[in-house]
Amino acid sequence: MVGETLRNLLLIAWLLPLCGFAVEIFGGFWGSRRSQVAAWLAVGCIATGFVCSASALTIWGNSNGWAVLHRAGHHEAGAADAHVAHDAPQTPSAAALAAADAHAVEKPAEAAPAGTDDPVTLAPKADEHLHDAHEHPGQPQTAFSGTLYRLAAFGGLELSLDYYIDSLTLVMFTMVTFIATCIHLFAIGYMSEELTDEYVDHHAHLRNGRHVHRPGRFYRFFAFLSLFCFSMLGLVLAGNIFQVFIFWELVGICSFLLIGFYTERKSASTAANKAFIMNRVGDFGFLIGLMVLWTYFGTFKFADTVDADGHVVQAGLFQMLPRAPDGNVIINAANGEVQIGSATAANPTNRHATIPYALLVLAGLGVFAGCIGKSAQFPLQTWLPDAMEGPTPVSALVHSATMVAAGVYLTGRFYPLFVQEVLLTIAYIGCITAFVAATIAIVATDIKKVLAYSTISQLGYMMLGLGVFGWGAGLFHLVTHAFFKSLMFLCSGSVIYGCHHEQEMPKMGGLWRKMPITAFTMLVGVMAIAGLAVPGLVGPGFGQLFAFSGFHSKDAVVATALAFVQANPAHFLLFILPLITAGVTAFYMFRLWFYTFAGTPRDHHVYDHCHESPLIMTGPLMVLAVLAAYCAWGGEEGPLYLLITGDQPAYVATGIPVAGAAGLTMPGHDAVHAVHHQAGTYALIAAFSGTFLAWLLYGSGKVDVAEIRLQLSGVHGFLANKWHFDELYDALFMRPTHIVGRFCASIDRLIFDGILHGAAGATVLVSKWDRAFDETVVDGLVNLLGNATWSAGNWLKVLQTGRLRQYVMFIVAGVVALFGVLLATFPR
Amino acid sequence: MSLSAYLLVGAVLFVCGIVCMATKRNGIGVLMGVELVLNGANVNFVAFSKYTQLGLDGQIISLFVIVLAAAEAAVALAIALNFYNNHLTIDVDRANKLKG
Amino acid sequence: MSSTLMLSAAAAPGGSVLFVIFALVACLCAVAVVAAQTVVRMAFWLVLSLGSTAALFFLADADFVGAAQLLIYVGGTLVLLVFGVMLTASGPYLKIATSPGEIILGAVVALLFLCVVVASISGVSWPEPQVSDVGALQTTAGNTLRPLGLAFLGTRPDQDLADGDQLSPGYLLPFEIVSIHLLVVLIGAAYLARAKRRAVGT
């Protein structure tokens, strides 16, 4: 019942933007280019979606009595001593054994107050349960799944549209729809220039040097935004990995359409191509992962397929990889491979009982490869800065809050199937990405590019968090990042709009006097991302006012990283680099703020003409600013974190003592909590030093930045060239492709065309010979006959002199000769 | 007297007529040659009529020849006169329009 | 041949002497016709030659033929030729000479021809005419007129009487044809030689 209600609400929220898209794209084409109807229709659809999502969240919470929020007592009441004793990896318990049996232990409704220090009863932890579709008697269901529509069945493989609703889904839905609503409203103001029948694009030139004149595309922008919202929500709602892939591609298409919105600009269309193609490179790995999954697991669905009676017809992916009580995957003693399913897990379509460990790693890496492409991780990160060619609302919605977060979301969703080697890879990639992008952002001058690199860096942070076993930390950072990054993008959009499409920071300065609201909201966002907090005043209750959301989420990631590195000292980089990156993040974000809003104006033309944006743009800014600041109220005890981690995998909380072939120790919650305070201190120090350095260089005006740039010109050049990644990829991939292309073209030209031309030439030659033969031999023969006849006649003509006497003479001579012959041959 | 003599005479006349036809440039001269030829043939016929069993037929044929010779002479002369009227000369060498 | 020649000469000495004379005259005059330079002289020699031939006819007992020769040939045809000579004379006794090469060539060919003919004559052994032959002439006085006339009218008494069964057709048809022929010739010659405007210059 609850499940159906939730399903219907989320279906409405999901499908309404699709209807909006259809109406907008057709209606807008035939309607007036100057009407805003398309935009308000899109806003209506997405706002309704937000209402539905929020209602769904409420209903969900009410259905299980908001039990998830009562877990807070676990950390709160438990002083450090209660947990220190349990720092070590937990001993397996009977309940955990039963949990490993794929029939979940639902969260106990009593939400055990963690005050019970009994080591035995502590075992069934309150926050420990598996994803499950069953209705366990006595326990309210928190995760719902089912099939919406069956697309096709190929033998044992069934492709269908499923849904999977748990707390993470609901949080994501609410977040996406809310941010999208704000951005839709903002875009109505930002894209108002397109409300004309003739729009002059100053960045696109025709061959004769004139600018491009074209009709305005206001309606089309909102149609694409609606389509994007539909795709993103479909991805979040997906109940099987194949459906994720479908919507994965759909968001890719929408991103392509939106990046290349200004189609006449070469830079925009190139950037759209680059984004889509690099995503496809990642999707190649995704497909490999899907293939492995299908071969060994035989199904794509996340959760069990249940028939009408409640019996499990087909086990879901998450159930088919059971974990031992210590959290490891179970190795079959017979052939050394990983066990698939168990005696109680129904698996009619699957033929394999075990999967080789290497293939499981491959499947995980394959799926993660798609995430690398989608979330702009190293090495596929170069498309995201170029994607800033799209209008700023697109950057805010797609390339900061939602689409790029889809990769992180999938990593989180697919967590139970990632083994530790995969997680380590994820962690390292995220770490490298975070560091590289942060360094590039130091020297970027385009305001949107700084934010783009910041996005890449923060996505790296999220991946790092997920990789070091901080499932909740990574996803927590995802949500907070969505809020403050979209806020900052919208602020930059406001600046760009106010400065009449000026995007270069060296031309700005001192704008806070002209654009106070924008400046203030931007400051809120910057403080959030920097992870600033007032150290001594942070605490429960009103103390939360002194810590912004970024502080909490970044804290969680850094703490998890520290716990991981303490457990596995060989991977110390996984803590050092994020810490340094935190400082760098604070530095470049405050650099951005000081450069743009503080100081004296550097370009008076820009300064004089700039103005504050209208209310329709600054309204969403203010709303988002509030959320960006305080959405993570309460930190890891706050409602957001608890909601996100409501349905986290069980073994995440406990940690895994010796995981995988690499023998890593994955820290559990207790381990993380032990170092939380220490990590937080480190992070705060890093953030403050970054902020101070930024103020010193850009805010105070005491240090000449240009001189530093000159002195460190080598480093600066290297960073300004984005670590030469574009040149590297150009040399590694573009040039060989061009060479191969040229080679193929030359084969085409030389061999195939050569054959054709040769054949043609041979035909011409043959025809020439034929003609020559015809003319010389045949004609010659005929002419010869004619000529011979003529010359014979000519020669004989001589005889016919016309002289009578000669004729007579001939007669006589002839007769004489005749008679002579006769007489000679016939003698009498 | 004897057949051979007559035949000889006829041969001589004939040959002279042929030579006359072949060599004379005057058209009338050619016609005279024709007369001689026919005459020689007449002598032959008459000789044969006398000295063989040809008898009267030889003379009859000879008469025919004479008549036909006369006719032919008339026509030929008409042609020659026509030619003379057109070309103001009777030189047969001038009559070479049929030259190839 | 030579034996017959001598025999014949011995048989009729008077006839043979006349024969020789007239034969010589005829031949020499014929040669003279060839050798003459002007056409008028040719005409003259021709007259003599034809006259001698007529005499030869008389000697060969072909009296009517001889008479016809004199009348028609000499008296008609030759006169006609002489008229032609006169009418086509563009200048008095204009000499139209032949080149010496042609003369020699003509002479050579003539001699050759003569040799051929003589060879053929001598090569044939002519049978002697028998008195009993029907085809032989019955008369020696030369009264061939009546038989000729009858022959032209379609009867051949000399032949019909001999066979008894078959009637010979005679020469009536050729006679008629020749008369028509003469008529045609007359008309044609008259037409051809009609008076026309003289061609202006040549």
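Quick notes on the rules
- Residues numbered from 1 in each chain as written.
- Chains lettered and ligands numbered in written order.
- Predicted model: local features only at pLDDT ≥ 70, side-chain atom pairs only at ≥ 80, totals over all residues.
- Heavy atoms only, no water.
- Helix = DSSP H or I, 4+ residues; strand = E, 2+ residues; numbered from the N terminus.
- Buried < 20%, exposed > 50% of the residue type's maximum accessible area, 1.4 Å probe, protein only.
- Contact = heavy atoms within 4.5 Å.
- Areas by Shrake-Rupley, 256 points an atom, 1.4 Å probe, with all protein chains shown as cover.
- Salt bridge = Lys/Arg side-chain N within 4 Å of Asp/Glu carboxyl O.
- Phe/Tyr/Trp six-rings, centres within 6.5 Å; stacked < 30°, edge-to-face > 60°.
- Lys NZ or Arg CZ within 6 Å of the ring centre and 35° of its normal.
- pLDDT = per-residue confidence, 0-100.
- Expected span 1.5 Å × (residues − 1).
- Buried area = accessible area lost by both parts, 1.4 Å probe.
- Nonpolar A, V, L, I, M, F, W, Y, C, P; charged D, E, K, R; others polar.
- Polar contact = N/O pair within 3.5 Å; in protein donor to acceptor, adjacent residues only side chain to side chain.
- 1 Å grid on protein atoms, 1.4 Å probe; cavity = no way out; pocket = protein on both sides within 12 Å on 5 of 7 lines; lining within 4 Å.
- Points joined across faces, edges and corners; volume = space filled by probe spheres on them.
- Core = buried A, V, L, I, M, F, W, Y, C linked by side-chain atoms within 4.5 Å.
- Axes fitted to C-alpha atoms, helices over the stretch in contact; angles between N-to-C directions.
- Parallel < 35°, antiparallel > 145°, perpendicular 65-115°, else oblique.
- Left-handed = near helix turned anticlockwise from the far one by under 90°.
- Pairing = 2+ DSSP bridges.

Student: Would you mind going over the overall build of chain B with me for this structure?
Tutor: A tally of helices and strands in chain B yields three helices and zero strands. Out of the 100 residues belonging to chain B, those deemed buried represent 74%. Considering only contacts within chain B whose residues lie at least 6 apart along the sequence, 56% involve residues at least 24 apart. In the form shown here, chain B has an accessible surface area of approximately 2,800 Å², with 69% of it arising from carbon and sulfur atoms.

Student: How should the pattern of salt bridges be read in this particular structure?
Tutor: When the charged atoms of two side chains with opposite charge come close together, those side chains can pair. According to the stated counting rule, one finds 21 salt bridges over all chains in the structure shown. Residue C:D61 is joined to B:K50 by a salt bridge in which the shortest nitrogen-to-oxygen separation is 3.8 Å. You can see C:D61 sitting in the loop between α3 (39–59) and α4 (63–87) and its partner B:K50 sitting in helix α2 (residues 27–51), one on each of two chains. A relative accessible area of 23% means that B:K50 is categorised as partly exposed.

Student: Please explain the packing of aromatic side chains as it appears in this structure.
Tutor: Where two aromatic rings form a pair, the distance of their centres and the angle of their planes describe that pair. All names here are of chain A. The full count for this structure, using the stated rule, is 43 aromatic pairs over all chains. With centroids separated by 6.4 Å and ring planes inclined at 90°, the aromatic side chains of F435 and W723 adopt a geometry described as edge-to-face. Of this pair, F435 sits in helix α15 (residues 420–443) while W723 is found in the loop between α27 (713–720) and α28 (725–797), placing the two residues 288 residues apart along the sequence. Following the ring pairs from residue to residue traces out a cluster consisting of F218, F221, F222, F261 and Y262. Directly above the aromatic system of F261 lies the positively charged group of R217, at a separation of 5.9 Å from the ring centroid. Lying across the ring of Y607, K514 places its NZ or CZ 5.0 Å from the centre.

Student: I would appreciate a short explanation of the confidence of the model for chain C in the present structure.
Tutor: Detailed reading of the predicted coordinates is not advisable wherever pLDDT falls low. Residue and element names in this part refer to chain C. Considering every residue of chain C, the mean pLDDT works out to 79; 74% of them sit at 70 or more. The low-confidence segment residues 1–11 (pLDDT under 50) makes 11 contacts with residues lying over four places distant or belonging to another chain. Every residue in residues 132–137 is under pLDDT 50, and counting partners more than four places away or in other chains gives 10 contacts. Scored as a complex, the prediction yields pTM 0.65 and ipTM 0.91.

Student: Looking at this structure, I do not really get unusual backbone geometry. What am I missing?
Tutor: Glycine aside, residues mostly have negative phi angles, and peptide bonds mostly take the trans form. All names here are of chain A. Of note, the amide linkage connecting F378 to P379 takes the cis form, showing an omega dihedral of 5°. Structurally, P379 can be placed in the loop between α11 (357–374) and α12 (383–386). Of note in the backbone geometry, A376 takes a positive phi value of approximately 55° without being a glycine. Note that A376 resides in the loop between α11 and α12. One non-glycine residue, F469, adopts positive backbone phi at about 75°.

Student: Explain helix α5 (residues 100–123) of chain C here, please?
Tutor: Helical geometry note: an α-helix holds 3.6 residues per turn, so side chains three or four residues apart project in the same direction. Between its terminal C-alpha atoms α5(C) stretches 34 Å, which fits the 34 Å expected from 24 residues at 1.5 Å a residue. The set of residues buried in α5(C) consists of C:G106, C:V109, C:A110, C:F113, C:V116, C:V117 and C:I121.

Student: Explain the interface of chain C and chain B to me, please; I cannot follow it from the model alone.
Tutor: A common way to report how large an interface is uses the accessible area buried once the components associate. Facing 85 residues of chain C, the contacting portion of chain B comprises 68 residues. Buried area between chain C and chain B, summed over both chains or domains, comes out near 7,100 Å², and the portion from carbon and sulfur atoms is 77%. Of all the secondary-structure elements, those providing two or more residues to the side of chain C that touches chain B are α1 (2–11), α2 (13–35), α3, α4, α5, α6 (145–153), α7 (157–163) and α8 (172–192) of chain C. Of the residues assigned to the side of chain C that touches chain B, the class counts are 59 nonpolar, 19 polar and seven charged.

Student: When you look at the interface of chain B and chain A in this model, what are you seeing that I'm missing?
Tutor: Residue-level contacts link 14 residues of chain B with 10 residues of chain A. Inspection of the chain B/chain A interface yields one salt bridge. Of the charged contacts, one joins A:R805 and B:D93 as a salt bridge, the two residues approaching to 2.9 Å between their closest N and O atoms. Across the contact surface, chain B and chain A share two residue pairs in polar contact (both at pLDDT 80 or more). Here the element with the most residues in the side of chain B that touches chain A is helix α1 (residues 3–23) of chain B; it accounts for four residues.

Student: For this particular structure, what's the right way to read the side chain of A:S494?
Tutor: Secondary-structure assignment places A:S494 in helix α17 (residues 471–498). What A:S494 contacts, discounting residues up to four positions off in sequence, is A:F186, A:M515, A:T518, A:E612, A:S613, A:M617 and A:L621.

Student: I keep staring at empty space enclosed by the protein and nothing clicks. Help me out?
Tutor: Once rolled over the atoms, a probe with the size of a water molecule shows which space is left empty. Residue and element names in this part refer to chain A. Within this structure, the stated rule accounts for 10 cavities of 30 Å³ or more. What the largest cavity holds in volume is close to 130 Å³. Lining the largest cavity are 15 residues, and of these T560, E636, Y641, H669 and V672 lie nearest its centre. Secondary-structure elements contributing two or more residues to the lining of the largest cavity are α17, α19 (549–567) and α25 (669–699). Residues belonging to the lining of the largest cavity are distributed by class as follows: seven nonpolar, seven polar and one charged.

Student: Would you mind showing me how to read the nonpolar core here?
Tutor: Generally speaking, a soluble globular protein has its nonpolar side chains buried in company with each other. Ranked by internal contacts, the top residues of the largest apolar core, which has 242 residues, are A:I241 and A:F297. In terms of residues, this core owes the most to one element, α17(A), which gives 17 residues. In terms of nonpolar packing, the next biggest core, distinct from the first, is built from 79 residues, B:I18, B:I60, B:I90 and C:M42 among them.

Student: Help me out: how do you make sense of the packing of helix α1 (residues 2–30) of chain A against helix α7 (residues 218–237) of chain A in this one?
Tutor: When two helices pack together, their arrangement is given by the angle between their axes and by how far apart the axes lie. Residues and elements named next belong to chain A. Where α1 meets α7, the axes come as close as 8 Å, and the angle between the chain directions of the two elements is 155°. On the basis of their axis angle, the class for α1 and α7 is roughly antiparallel. In this structure, α1 meets α7 at a crossing whose hand is left-handed. Packed against α1, whose contacting residues are L10, A13, W14, L15, P17, L18, G20, F21, E24, I25, G28 and F29, the element α7 presents Y219, R220, F222, A223, F224, S226, L227, C229, F230, L233, G234 and L237 at the interface. Broken down by class, the residue content of the contact of α1 with α7 amounts to 18 nonpolar, four polar and two charged.

Student: Quick question: what am I supposed to make of the pairing of strand β3 (residues 199–205) of chain A here?
Tutor: The side chains of a regular strand alternate, residue by residue, between the two faces of the sheet. All names here are of chain A. Bridge count for β3 against strand β4 (residues 211–214) is four bridges, and the pairing is antiparallel. Bridging from a neighbouring strand, Y199 pairs with R214 of β4. What sits between the antiparallel neighbours β3 and β4 is a turn of five residues, in which G209 has the positive phi angle 90°.

Student: What is the right way to read α11(A) from this model?
Tutor: All names here are of chain A. Relative to the 26 Å expected for 18 residues at 1.5 Å per residue, α11 spans 26 Å between its end C-alpha atoms, a close match to the ideal helical length. Burial within α11 is extensive, with 14 of its 18 residues counted as buried. Taken from the residues just after α11, A376 is the one with a positive phi, measuring 55°.

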